[in-house]
Amino acid sequence: MRTVGHLAAETLCLVASLIRPGTTTEQINEFVHQDTLKKGARPAPLNYRGGGRGPPYPKSVCTSVNEVVCHGIPGPHTLKDGDIVNVDVTHLYGGFHGDTSATFYVGRKLSEEAKRVTEVARRSLELGIQQVRPGGRLGDIGAAIQEFAEGHGCSVVRDFVGHGIGRKFHDEPKVSHYGNWGKGLRLRAGMTFTIEPMINIGGWEVELLDDEWTAVTADGSLSAQFEHTVLVTESGVEILTQRPMLLENSEIFPDYFGAAG
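To keep things clear, this report deals only with the structure shown in the data block. These numbers were taken from a predicted model, which means no experiment stands behind them. (Residues numbered from 1 in each chain as written. Predicted model: local features only at pLDDT ≥ 70, side-chain atom pairs only at ≥ 80, totals over all residues. Heavy atoms only, no water.)

### So, the nonpolar core
- In terms of nonpolar packing, the biggest core is built from 48 residues, with Val87, Phe104, Ile141, Phe193, Ile195 and Ile199 touching the most fellow members.
- At the level of secondary structure, the elements contributing two or more residues to this core comprise helix H1 (2-15), helix H2 (25-38), strand E4 (84-93), strand E5 (96-105), helix H3 (112-129), helix H4 (138-151), strand E9 (192-195) and strand E14 (228-232).
- Apart from the residues within four sequence positions on either side, Ile199 is in contact with Val117, Val120, Ala121, Ser124, Ile145, Ala149, Cys154, Ser155, Val156, Leu222, Ser223 and Ala224.
- The next biggest cluster of nonpolar side chains, apart from the first, holds six residues, and it includes Cys70, Val157, Val206 and Ala215. (Core = buried A, V, L, I, M, F, W, Y, C linked by side-chain atoms within 4.5 Å. Buried < 20%, exposed > 50% of the residue type's maximum accessible area, 1.4 Å probe, protein only. Helix = DSSP H or I, 4+ residues; strand = E, 2+ residues; numbered from the N terminus. Contact = heavy atoms within 4.5 Å.)

### Observations regarding unusual backbone geometry
- Between Glu172 and the following residue, Pro173, the backbone shows a cis peptide bond with an omega angle of 5°.
- Within the secondary structure, Pro173 sits in strand E8 (residues 171-175).
- Even without glycine at this site, Glu212 takes up a positive phi of about 70°.
- Along the chain, Glu212 turns up in the loop between strand E11 (206-208) and strand E12 (215-217).

### Some details on H1
- Taking 1.5 Å per residue as the helical rise, H1 with its 14 residues ought to reach 20 Å, and the 20 Å between its terminal C-alpha atoms agrees with that figure.
- Check the buried side of H1 and you find it contacts H2, E4 and E5. (Expected span 1.5 Å × (residues − 1).)

### Observations regarding the environment of Tyr57
- Structurally, Tyr57 can be placed in the loop between strand E1 (42-43) and strand E2 (62-65).
- A relative accessible area of 2% means that Tyr57 is categorised as buried.
- In this structure the C-alpha to C-alpha distance between Tyr57 and Ile73, which are 16 residues apart in sequence, comes to 8.0 Å.
- In this view, Tyr57 contacts Pro45, Leu46, Asn47, Tyr48, Cys62, His71, Gly72, Ile73, Pro74 and Trp213; residues no more than four positions away in its chain are not counted.

### Topic: the side chain of Thr100
- If you trace the backbone, Thr100 turns up in strand E5.
- Looking at Thr100, the relative accessible area reads 0%, which means it is buried.
- Separated by 2.9 Å, the side chain of Thr100 and the backbone oxygen of Glu227 make a polar contact.
- Residues within four places of Thr100 in sequence aside, it is in contact with Ala8, Ala9, Leu12, Val87, Asp88, Val89, Glu227, His228, Thr241 and Arg243. (Polar contact = N/O pair within 3.5 Å; in protein donor to acceptor, adjacent residues only side chain to side chain.)

See below:
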């Protein structure tokens with residue numbers, strides 16, 4: 001899990017240099033596909049069915065632009081100055097999965113709403129991870145995220161959750177990004193799962209498009225997401241998809257919330 005997490009994080013870092021006005025989401029997909037294979041891994045999303053009866057996912061990565069909450073399918077869509085785009089990478093290597101994502105800024109004509117929803121999502125993930133420890137509860141993760149996001153005027157998507165991960169892409173437990181302190185499954189050392197809050201600038205409700213994969217905000221508002229695969233250790237938490245460097249075109253507002261953020 002450490003190895004595949006490291007590989008997925010490396011790919012996400014390399015994707016960052018592609019994020020600019022004029023890049024198509026298909027170009028991102030092709031890069032991720034080739035880089036994954038170069039690492040000796042396989043892109044887990046490609047032809048994934050998700051346990052449902054719908055069509056298999058047709059691409060090697062998810063690219064979710066602006067109002068797309070998750071599972072955006074790459075194609076001819078061209079990124080524009082001022083857009084935000086989440087890129088969700090999952091590698092399968094040695095029989096194990098590593099899953100990570102980040103939201104990137106496209107260009108520099110960024111609205112205040114784009115910055116707020118992206119930075120709230122980033123900080124929400126950090127706060128959720130801080131709750132991971134042996135003896136903690138899944139509800140603590142959701143409560144920390146929900147309190148922070150709603151306290152900054154955003155909402156937390158409820159239809160999609162984090163998940164157990166390992167030999168299976170999606171496994172138990174389900175990790176909600178909203179909840180109550182002290183409630184839910186008790187965490188124990190050795191668990192691996194994702195935390196991946198999807199944060200909307202408007203309401204939390206989502207709609208599924210006709211392709212049966214792409215989820216968008218019901219009110220058309222912006223959405224952002226960040227994701228890590230984590231391990232519960234004997235003393236706390238280890239981020240298995242920890243990145244080896246700052247993310248270009250994403251981690252560009254380090255002081256957004258100030259010292260008290």
